[in-house]
Amino acid sequence: MNPIAALADARPEVLWLDRIDRPAPAAALHDATSADLVVVGGGFCGLWTAILAKERDPSRDVVVIDAGRVAAQASGRNGGFLSSSLTHGLDNGLAHFPKQMARIARHAADNFAEIRRAVERYDIDCDWSECGALTVATAPHLAEEFEESAAVGRRFGHDIEVLDRDAIRARVDSPTYHGAMFQRDGEALVDPARLAWGLAAAARSLGVRIYENTAMTRLERHGAAMTVSTGHGSIRSGAVVLATNAFRSPVRRINRTIAPVYDYVLATEPLTESQMASIGWSGREGLSDTTNQFHYYRLTDDNRIVWGGYDAVYYFGSRIDPSLDQRDETHRVLAEHFFQTFPQLDGLRFTHRWGGVIDTCSRFSVSFGTAFDGRVAYAVGFTGLGVGATRFAGSVCLDLLDRPESEVLTLDLVRKRPIPFPPEPIRWAGITATRRALAAADANGGRRGPWLRLLDAIGLGFDS
């Protein structure tokens, strides 16, 4: 089917947020108030921080503010992949933290289990499904790397099987597949917006005050306390956690650490029984491919396919704007790739198209820090696979504020910061050159050219 025709009726809306049962917005803050802890950001990281703070100390007065609505940004726009990994995969973790990956892996497993328990404890209806993850190879040379990657995963306790071409096509039928790696544990799928809404409800049940459409305009220290100013009010607090994702921060170090990158996604109409039979996929696993410019895709509870990734777009000046949530060029490319992957679904139409901004960093995994003499803690740079890491990040931020003796604070993942991105115009030029080099490597059998080898040597990277 012509990709343009398949996109003709697609609404410029986020599938997960386009629901009649979306919670009504909470009131904005319109006066001066006080709290023991202010959390800035109503996405996953901010909500987990608030919940954990109340679970640790029910008497603690906690306020969450968000410039828009809960889950309206990255937390409600992603594909709903919830991985146990805290480091964007084991291979990336070993590249940056080789001596501590066993410890990090233990924290990752514990964090994943705690997320599962919280979903059960707070009765969060988020379509949680631990159906495993399939990483597929769309070229023969990519399939050759699976045995080594699987061995690494098994070394850290994961249940992983390598599938040849026939085995993967028997599970999910695409003519583009040459092999796959199936990880059965430590991977879940969720409806991300419903997870965030459920976390917000859980936070409120614990006594957390949540103000939406309340943007932080200034962050200042006044004696032993911090003041968070908003458009129509202020909050005086002993401690602050910044969970602002890709958005510009009053802490300059954060802005140097991350680059806001736009990721784009499509969602199809629900597949019929015959269409489902044509592709198989009875295990309903989450899927991704292994190219540098990779795709991720999964089934929803009503048998739509959510299909995203490939084109990570950085705009000059770290620009973030609602107008950038739609990008016709990228959506057309995604549609073309979809029908190349599943030609048997010719005629299927897309109902939703959207984009969203991700806070990528040079090491592809979350980093931490403090400001204002330890009264402010933050976590940024989640990049992809960051949904599960947000709970861990909230816990670390609270430890940075309250528990300096915590064992987790000795991890290099927490102590060490990624290499910052350079200022403009070098930032834009470098990211643009890297995107082109990644595309060239994919077209050249995965062989990394001089530019990518240089970045590898100095520990810099770019991804979504």
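Residues numbered from 1 in each chain as written. Predicted model: local features only at pLDDT ≥ 70, side-chain atom pairs only at ≥ 80, totals over all residues. Heavy atoms only, no water.

Participant: So what exactly am I meant to see when it comes to the packing of aromatic side chains here?
Facilitator: As enumerated under the stated definition, the model contains 15 aromatic pairs in all. Between Phe-338 and Phe-342 the ring centres are 5.9 Å apart and the planes differ by 70°, which places this aromatic pair in the edge-to-face class. Each member of the pair Phe-338 and Phe-342 is classed as buried. One aromatic cluster in this structure is built from Trp-281, Tyr-297, Trp-307, Phe-338, Phe-339, Phe-342 and Phe-350. Its end group placed over the ring of Trp-48, Arg-391 keeps NZ or CZ at 6.0 Å from the ring centre. (Phe/Tyr/Trp six-rings, centres within 6.5 Å; stacked < 30°, edge-to-face > 60°. Buried < 20%, exposed > 50% of the residue type's maximum accessible area, 1.4 Å probe, protein only. Lys NZ or Arg CZ within 6 Å of the ring centre and 35° of its normal.)

Participant: It is not clear to me how helix α12 (residues 328-341) should be interpreted in this structure. Could you clarify?
Facilitator: Side chains three or four residues apart in an α-helix point the same way, a direct result of the helix having 3.6 residues per turn. Between its first and last C-alpha, α12 extends 20 Å over 14 residues, near the 20 Å set by a 1.5 Å rise per residue. Turning to α12, its buried residues are Thr-330, His-331, Leu-334, Ala-335, His-337, Phe-338, Phe-339 and Thr-341. Packing partners of the buried residues in α12 comprise α1 (3-6), β12 (258-268), β14 (295-299), β15 (305-309), β16 (313-314) and β17 (350-361). (Helix = DSSP H or I, 4+ residues; strand = E, 2+ residues; numbered from the N terminus. Expected span 1.5 Å × (residues − 1). Contact = heavy atoms within 4.5 Å.)

Participant: Looking at this structure, how should I read the pairing of β17?
Facilitator: Note on strand geometry: in a regular strand, side chains alternate between the two faces of the sheet. Where burial is concerned, most of β17 is hidden: 12 out of the 12 residues are buried. When β12 meets β17, the two strands line up antiparallel, connected through 11 bridges. Within β17, the residue paired with Asp-263 across the bridge is Gly-356. (Pairing = 2+ DSSP bridges.)

Participant: What should I look at first to understand the packing of helix α2 (residues 44-56) against helix α13 (residues 389-402) in this one?
Facilitator: Between two packed helices, the angle of one axis relative to the other and the distance separating the axes together describe the packing. The interhelical angle for the contact between α2 and α13, taken along N-to-C directions, is 55°, at an axis separation of 8 Å. Classed by the angle they form, the pair α2 and α13 counts as oblique. In this structure, α2 meets α13 at a crossing whose hand is right-handed. Residues Phe-44, Cys-45, Trp-48, Thr-49, Leu-52, Ala-53 and Arg-56 of α2 pack against Thr-390, Arg-391, Ala-393, Gly-394, Ser-395, Leu-398 and Asp-399 of α13. In terms of residue class, the contact of α2 with α13 is made up of seven nonpolar, four polar and three charged. (Axes fitted to C-alpha atoms, helices over the stretch in contact; angles between N-to-C directions. Parallel < 35°, antiparallel > 145°, perpendicular 65-115°, else oblique. Left-handed = near helix turned anticlockwise from the far one by under 90°. Nonpolar A, V, L, I, M, F, W, Y, C, P; charged D, E, K, R; others polar.)

Participant: Even after reading the chapter, I still don't get the nonpolar core, so can you show me in this structure?
Facilitator: Generally speaking, a soluble globular protein has its nonpolar side chains buried in company with each other. Ranked by internal contacts, the top residues of the largest apolar core, which has 77 residues, are Leu-37 and Leu-195. Look past the residues within four positions of Leu-195 in its chain and what remains in contact with it is Phe-44, Leu-82, Val-119, Ile-124, Cys-126 and Val-190. In this structure, Tyr-264, Leu-271, Ala-335 and Phe-342 belong to the second largest nonpolar core, which totals 36 residues. (Core = buried A, V, L, I, M, F, W, Y, C linked by side-chain atoms within 4.5 Å.)

Participant: I tried to follow the environment of Gly-449 on my own but got confused; where do I start?
Facilitator: Its place among the elements puts Gly-449 in the loop between α15 (426-443) and α16 (450-458). On the basis of relative accessible area, Gly-449 is assigned to the partly exposed category, the value being 26%. Along the primary structure Gly-449 and Met-101 are separated by 348 residues, whereas in three dimensions their C-alpha atoms are 28 Å apart.

Participant: Sorry, what's going on with the side chain of Glu-187 here?
Facilitator: Its place among the elements puts Glu-187 in strand β7 (residues 187-189). In terms of polar contacts, Glu-187 uses its side chain to reach the side chain of Ser-83, at 3.1 Å. Not counting residues up to four positions away in its chain, the partners in contact with Glu-187 are Leu-82, Ser-83, Phe-112, Ser-129, Glu-130, Cys-131, Gly-132 and Ala-133. (Polar contact = N/O pair within 3.5 Å; in protein donor to acceptor, adjacent residues only side chain to side chain.)

Participant: It is not clear to me how the state of the cysteines should be interpreted in this structure. Could you clarify?
Facilitator: The term disulfide refers to a covalent linkage connecting the sulfur atoms of a pair of cysteines. The tally for this structure, following the rule as stated, stands at zero disulfides. Looking at Cys-45, it has no disulfide partner, and the nearest cysteine sulfur is the one in Cys-397, 5.4 Å off. Just so you know, Cys-131 is unpaired, no disulfide at all, and the nearest cysteine sulfur is the one on Cys-126, 12 Å from it. What makes Cys-131 buried here is its relative accessible area of 16%. (Disulfide = S-S within 2.5 Å.)

Participant: Mind showing me how you'd approach a positive patch on the surface here?
Facilitator: Together, Arg-248, Arg-252, Arg-253, Arg-256 and Arg-417 give the surface a local cluster of positive charge. Position of Arg-252 among the secondary structure elements: in helix α10 (residues 252-257). (Patch = residues over 30% accessible without salt bridge, like charges linked within 9 Å, V, L, I, M, F, W, Y side chains within 5 Å. Areas by Shrake-Rupley, 256 points an atom, 1.4 Å probe, with all protein chains shown as cover. Salt bridge = Lys/Arg side-chain N within 4 Å of Asp/Glu carboxyl O. Lys, Arg positive; Asp, Glu negative; His and termini not counted. Charge placed at Lys NZ, Arg CZ, Asp CG, Glu CD.)

Participant: Just to check I follow, could you spell out the side chain of Thr-214 for this structure?
Facilitator: Tracing the chain through its elements places Thr-214 in the loop between β8 (209-211) and β9 (216-222). Among the polar contacts listed, one links the side chain of Thr-214 to the backbone nitrogen of Leu-29, at a separation of 3.0 Å. Look past the residues within four positions of Thr-214 in its chain and what remains in contact with it is Ala-28, Leu-29, Ile-65, Asp-66, Ala-67 and Thr-230.

Participant: Would you mind showing me how to read helix α7 (residues 146-155) here?
Facilitator: Along α7, the residues that are buried comprise Phe-146, Ala-150, Val-152 and Gly-153. Around the axis of α7, the buried residues are gathered within 155° of arc, so they sit on the same side. Along α7, the residues that are exposed and aim more than 90 degrees away from the buried face are Glu-148 and Arg-155. The inward-facing, buried residues of α7 contact α4 (90-96), β4 (133-137), α6 (140-143), β5 (160-163) and β6 (179-183). In the segment just after α7, Gly-157 is the residue with positive phi, at about 90°. (Arc of directions from axis to C-beta.)

Participant: Any chance you could explain the pattern of salt bridges here in plain terms?
Facilitator: Counted under the stated rule, the structure contains 28 salt bridges. Across the pair Glu-130 and Arg-116 runs a salt bridge whose closest N-O atoms are separated by 2.6 Å. Here the residue Glu-130 occupies a position in the loop between α5 (101-121) and β4, and Arg-116 occupies one in helix α5, the gap between them amounting to 14 residues. Residue Glu-130 is classed as partly exposed on the basis of its relative accessible area of 37%. Relative accessible area serves as the criterion here: at 26%, Arg-116 is assigned to the partly exposed category. With a shortest N-O distance of 3.4 Å, Arg-194 and Asp-191 are connected by a salt bridge. Like Asp-191, Arg-194 is buried. Each of Arg-19, Asp-21, Asp-125, Asp-191, Arg-194 and Asp-301 takes part in one network of salt bridges that share partners.

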